[in-house]
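This is what each chain is made of:
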Amino acid sequence: MRKRQNTIITMSAMLFGTFLMAFTYYHINFHNHLTEGGFVGLALLGKYALDIPPALSMVLMDIPVLLVALFIKGRKFIINTVVAASMFTLFYALIERYSTLVIDLNDNLLAAALLSGLLTGFGAGIVLRFGGATGGDDVISVLFSEWSGLKVGTVFFLMDAVVLLLSLFYMPLVETLYTILAVSIAGQVITITVTYGTEKTEKKPIRKAVRAPSTPVTPKTAQHTVSGRS
């Protein structure tokens, strides 16, 4: 029964996290011309430089990462990641097709970057906190964070920043710089969301007082001097 409740909580949390990410990527990033980092950014770069379809390059990048993670993180993590990635794809497709909401911040890209960083960071952090990821680039960030000791949000930011700098070959400078700001905020929010309330205080070992074994006191026997009679 408890296991079932935990599963429901995990799936609900990942539903919320992936919906928040899909909503933000479409209504904030896409509508306001903020670009993408991670594997999505690499796929777009591959399309620009080598004319490789982004869908194909995403699959080619995701599959080997997931296979490696299967051996390192285990089956449960991979299942959660596949579920989360599927949720994100479904939500994005539905929002793109049916949503009529328009959030126009083209005249205030700073606000767009702040909103993007806060919302995507919180959504991705929730997914990670409950044992999943939304793609191969997220998985790499988790694995590298565990291996190197760097905070997971820091690794997210470094990976995205490198991809975004490479994207300057075909993306406008201003939008790219604002996107770097957004992913830097997202990295901080991811770290806070994943680690909040989980830091274990180091417990000092309690030293038990070791009693020295008491030395038994041997009663002194009175020595009687026996005087011999002559």
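You'll find the structure just up there.
Residues numbered from 1 in each chain as written. Predicted model: local features only at pLDDT ≥ 70, side-chain atom pairs only at ≥ 80, totals over all residues. Heavy atoms only, no water.

1. Details of unusual backbone geometry
Applicable threshold: Put simply, DSSP H or I for four residues or longer makes a helix, DSSP E for two residues or longer makes a strand, and each gets a number counted from the N terminus. Exposure is judged per residue with a 1.4 Å probe applied to protein chains only, and the accessible area is read against the type maximum: over 50% gives exposed, under 20% gives buried, and values in between give partly exposed.
Here H33, not a glycine, exhibits a phi torsion of approximately 65 degrees, which is positive. On the secondary structure map, H33 appears in the loop between helix 1 (2-30) and helix 2 (38-50). For H33, a relative accessible area of 48% puts it in the partly exposed group.

2. Focus on the side chain of S145
Filter applied, for reference: Think of a polar contact as two N or O atoms within 3.5 Å of one another; within protein, one of them needs to be a possible hydrogen donor and the other a possible acceptor, and neighboring residues in sequence only count if both atoms come from side chains. The contact criterion used is simple: two residues touch if any of their non-hydrogen atoms lie within 4.5 Å.
Here S145 lies in helix 6 (residues 136-148). Residue classification places S145 among the buried positions, given a relative accessible area of 12%. For S145, the side chain forms a polar contact with the main-chain oxygen of L150, separated by 2.6 Å. Dropping the residues within four chain positions of it, S145 is found in contact with L150, K151, V152 and V155.

3. Some thoughts on the pattern of salt bridges
Spelled out, the test is: The working definition used for a salt bridge is a side-chain nitrogen of Lys or Arg within 4 Å of a carboxyl oxygen of Asp or Glu.
Here the structure, examined in full by the defined rule, presents 1 salt bridge. Residue E146 pairs with K73 through a salt bridge whose shortest N-O separation is 2.6 Å. With E146 in helix 6 and K73 in helix 3 (residues 54-73), the pair connects residues that are 73 residues apart, well separated along the chain. Residue classification places E146 among the partly exposed residues on the basis of a relative accessible area of 49%.

Functional significance is not addressed by these values, which are geometric in nature.
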